[in-house]
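Descriptive structure summary
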Amino acid sequence: MTKISNISKLSETFSAGLWKENPVLRLLLGMCPTLAVTAAVKPALTMSVCVIFVLTCSNIVVSLMRNLLKPHLRILMFTLTIATFVTIADLFLKAFMPEMSTKLGPYIPLIIVNCIIIGRAEACASKNGIMISIVDALGMGLGFTIALCTLASVRELLSTGKIFEFIVMPKFFVPWAAMSMPVGAFVTLGLILGLMNVITRKNA
Amino acid sequence: MSKIIYFTKQSWLLIVASFVFGLIIAVTNSALSQRIESNQTKKLFDLMGQLISGSERFSREYENVTVKTAAGKEIKTDIYKAVDSESKTTGYAFIAEGSGFADKIKLVIALDAKAEKFLGFKVLSSNETPGFGSKISEAYFSNQFIGAPAAILELTKIGSPEKIDNQIVAISGATVSSQAVADIFNTYIDTVRDKLTKGRDK
C-alpha cells in the first residue's frame, strides 16, 4: 500500500514541474536565462542541460544535509552548494564545448542566482527525502527545458528560418532580425504566457 | 570560550562544506585547465591560419606591446609570427580590441611578412546587433581589408568596396560598427608596424 502511494506521490511531483507548476510559464522564475539565451535552440538546450545538472546535484546535496541545516544559515549553504556545481558545469563547457561557452557567456555563471534552483532547495529538497528531491529536480528541469526550447524554436524559426540549424522555411521567407534581439524574447514570452492562461482558464 | 563553542556549533557545516566544495572545484579545475587553455590557443591559431595562407606554425614574437587608444588608455597585446613549412615568415598577427556599438569587439588582425599590407581580420568575439552590426564578419565588408596598405584607414559611406585602398566603405545601417572596426585598426597599426619594422633592422 505504501509503495503504491509512494509511486503516485513521485509521479505527482514529477508532473507538477512539467505543467501545473512549470517554473518558467507558471511561476515566472528564471526569467534571466529565459530571455537571454533563447535566440536559438542549441544554446537554449545547452543551458537547460546545465540547469538540470545543477538542480539535480544541489537538490541531492541539500536533501542529504537537510537535518543538519541551521535555519539562519540555510540560504548561505544553498548558494554555496549551487555555486560549486555551476562552476563545475562552467568548466566542463569551457573544456568540451568552447564555442557554446563563449556564446552563452556570463549566463552560465548566472545560474548561481537562478531562482528556480534556490527555490527548489528551499521549497522541496530541504523538507523531503532524497528520492522526492531527485524526481522534483528532474521534473522542474524538464519543465524549464520545454519552456526554453518552445521559446527558442519560435524565435529561431522567425529570425533565421531554421530550427536546430536546419533550414525549414521556404526560400521567399524574409528573416525577422528583431526576433533574435531582446524585443523578440519579450514578445514571444508574452504571447506564450497568454496562450498558457487561455488554456488553463478553459480547462478550469 | 562559550562564544567560540557556540559559533563552531552553528557554523561547522558551513566550514566543512566550504573545504569539501573547494576541493571538488580544485580537482575539476586542475583536470580541465590544460584542455581549456589549448582550446583558446587553438581557436586563435585557427583564425590566424585562415588569414595568413600557407602558414604552418605560430609563435609569440613580441609580448606585451603597449598600445595607446584615442581615449588615452593603454592596452597590451602580443604579436604572433607565422612561418611556413620552410620556416620562412609568412606574416604577423595580433589580437586587437575596441568598443563597438553594443559591447567590446575583439579582432584578430593579420599583416604580411613585410608589415606593409593587411591580410584582413577575423572577429574573435563581438556582440553587435544581429542583422546589422554583426555583418562586420561578412565577406563584402571584411574583404576590403585584405591587401589594404598598413596605414591609417578611413571610413567612407560612398565608394566601391571592391577597390582595395585605405578607404573602407561602411555597412549601411551599421556605421557605428564599421567605424569601430576601422578605429580598432587605426589604434594598433602605427605601434605594431613600428615594432615589426624596427625589429627587422636590428
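What you see is a predicted model, and the numbers here were worked out from it, not measured in a lab.

Turning next to the overall build of chain B. The secondary structure content of chain B amounts to three helices and eight strands. Reading the secondary structure of chain B in the N-to-C direction produces α-β-β-β-β-β-α-β-β-β-α. Its C-alpha radius of gyration of 23 Å places chain B more than 25% over the 17 Å reference for a compact globule of 202 residues. Overall, the C-alpha framework of chain B stretches about 80 × 45 × 30 Å when taken along its three principal axes. Considering chain B as a whole, with its 202 residues, one finds that 26% of them fall into the buried category. Across chain B, the fraction of contacts at a sequence separation of at least 24, relative to all contacts at a separation of at least 6, is 51%.

Right, let's talk about the overall build of chain A for a bit. Each helix and strand counted, chain A has eight helices and two strands in total. In sequence order, chain A lays out its α and β elements as α-α-α-α-α-α-α-β-β-α. Here the C-alpha atoms of chain A give a radius of gyration of 18 Å, agreeing with the 17 Å that 2.2 N^0.38 yields for 204 residues. Principal-axis analysis of the C-alpha atoms places the extent of chain A at approximately 60 × 45 × 30 Å. Here the contacts in chain A between residues at least 6 apart in sequence split such that 76% fall between residues at least 24 apart.

Taken together, the contact pairs 20 residues of chain B with 19 residues of chain A. When residues of the side of chain B that touches chain A are assigned to their parent elements, the largest contribution, 16 residues, is made by helix α1 (residues 2-51) of chain B. Grouping the constituent residues of the side of chain B that touches chain A by class yields nine nonpolar, nine polar and two charged.

Time to look at the pairing of strand β3 (residues 89-99) of chain B. All names here are of chain B. As paired elements, strand β2 (residues 74-83) and β3 share five bridges and run antiparallel to each other. If you follow Ala82 over to β3, its bridge partner there is Gly91. Hairpin remark: β2 followed by β3, antiparallel, with five residues in the connecting loop; positive phi at Ser87, about 50°. Alignment of β3 against strand β4 (residues 104-112), held across nine bridges, turns out to be antiparallel. Looking across to β4, one finds that Phe94 is bridged to Ile109.

Another point: the packing of helix α3 (residues 41-64) of chain A against helix α7 (residues 130-160) of chain A. All names here are of chain A. Put simply, α3 and α7 touch, their axes get as near as 9 Å, and they point 165° apart. As far as their axial angle goes, α7 and α3 are roughly antiparallel. Judged by the twist between their axes, the crossing of α3 over α7 is right-handed. Considering only residue class, the contact of α3 with α7 consists of 18 nonpolar, eight polar and two charged.

Another point: the packing of α3(A) against helix α4 (residues 74-96) of chain A. Residues and elements named next belong to chain A. Relative to each other, α3 and α4 sit at 140°, their axes nearing to 9 Å. Taken as axis vectors, α3 and α4 run oblique relative to one another. Crossing angle aside, the handedness with which α3 passes α4 is right-handed. On α4, the residues touching Cys50, Phe53, Val54, Cys57, Ser58, Val61 and Val62 of α3 are Phe78, Thr81, Ile82, Phe85, Val86 and Ala89. Class assignment for the residues of the contact of α3 with α4 results in 11 nonpolar, two polar and no charged.

Moving on, we come to the confidence of the model for chain B. All names here are of chain B. Model confidence for chain B is summarised by a mean pLDDT of 88, while 98% of its residues fall at 70 or above. When pLDDT is averaged over each helix and strand of chain B, the minimum, 85, is found for strand β1 (residues 57-68) and the maximum, 91, for α1. Predicted complex, confidence summary: ipTM 0.83, pTM 0.79.

So, about the sheet that holds β1(B). Note on sheets: strands pair through backbone hydrogen bonds, and any given pair is parallel or antiparallel. Residue and element names in this part refer to chain B. With antiparallel pairing, six strands are arranged side by side in an open sheet as β1-β2-β3-β4-β5-β6. Each edge of the open sheet is held by one strand with a lone partner, namely β1 and β6 (146-149). The average angle at which neighbouring strand axes cross in this sheet is 30°, direction not considered. As paired elements, strand β5 (residues 117-125) and β6 share two bridges and run antiparallel to each other. Bridge pairing links Lys117 to Pro149 in β6.

Scoring rules and cut-offs
- Residues numbered from 1 in each chain as written.
- Chains lettered and ligands numbered in written order.
- Predicted model: local features only at pLDDT ≥ 70, side-chain atom pairs only at ≥ 80, totals over all residues.
- Helix = DSSP H or I, 4+ residues; strand = E, 2+ residues; numbered from the N terminus.
- Rg over C-alpha atoms; globule rule 2.2 N^0.38 Å.
- Buried ≥ 20, exposed ≤ 12 C-beta atoms within 10 Å, placed from the backbone.
- Contact = placed C-beta atoms within 7 Å.
- Nonpolar A, V, L, I, M, F, W, Y, C, P; charged D, E, K, R; others polar.
- Pairing = 2+ DSSP bridges.
- Axes fitted to C-alpha atoms, helices over the stretch in contact; angles between N-to-C directions.
- Parallel < 35°, antiparallel > 145°, perpendicular 65-115°, else oblique.
- Left-handed = near helix turned anticlockwise from the far one by under 90°.
- pLDDT = per-residue confidence, 0-100.

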